[in-house]
Amino acid sequence: MSEKKNAHTIARSSNTNAKATTTKAKETAGKAKDTAGEAGTTAKTAASGAATTAAHTAHVAADKAQVAAEKAVATGRTVAAEAPKKAAAAAGSAWTAIKARKVLTAVAGAGAAAAGATAAIVLRRRAARRRSPLARLTGGRFGA
């Protein structure tokens, strides 16, 4: 009878060991499956992130190109709009000068006369400084 008990005990402990081993194997397989799933998810996330980054970079570059093009168009429009205004202003100034030519001629003549008078005064003073005291006293008649 003790042999039956020993065999029965051994069988029971073997069943318990087999169940424990099976449970551990199932747990290990589940963990491996979870790890594989996480790796797949990580790979998908990384690929998605790379695609998103590439799309964002392309979008930013396109935005910058669009802004540059808009600035170029705005500058072109400004230049095209201001060119006739500048030409008209220059023509207006020329016409005003032609209309006021008598005044301009008088002003130019007065300026030239003033410059000539100033030059004459400066030259006379310089010449007077080079004379001797007697020549200065007599106005240049003696002691030149």
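Source: prediction; values computed, not measured.

Caption draft 1: Molecular detail of the overall build of the chain. A tally of helices and strands in the chain yields 3 helices and 0 strands. Along the chain, from the amino end to the carboxyl end, the secondary structure elements read α-α-α. Surface accessibility of the chain: about 12,200 Å² in total, with carbon and sulfur atoms responsible for 65%.

Caption draft 2: Summary view of the confidence of the model for the chain. On average, residues of the chain score 76 in pLDDT, and 84% of them reach the 70 mark or higher. Taken element by element, the predicted model of the chain shows its lowest mean pLDDT in helix α1 (residues 2-99) (74) and its highest in helix α2 (residues 101-129) (81).

Caption draft 3: Molecular detail of a nonpolar patch on the surface. A contiguous nonpolar surface patch, about 370 Å² in accessible area, is contributed by L134, L137 and F142. Assignment of secondary structure puts L137 in helix α3 (residues 133-137).

Rules and cut-offs
- Residues numbered from 1 in each chain as written.
- Predicted model: local features only at pLDDT ≥ 70, side-chain atom pairs only at ≥ 80, totals over all residues.
- Heavy atoms only, no water.
- Helix = DSSP H or I, 4+ residues; strand = E, 2+ residues; numbered from the N terminus.
- Areas by Shrake-Rupley, 256 points an atom, 1.4 Å probe, with all protein chains shown as cover.
- pLDDT = per-residue confidence, 0-100.
- Patch = residues over 30% accessible without salt bridge, like charges linked within 9 Å, V, L, I, M, F, W, Y side chains within 5 Å.
- Salt bridge = Lys/Arg side-chain N within 4 Å of Asp/Glu carboxyl O.

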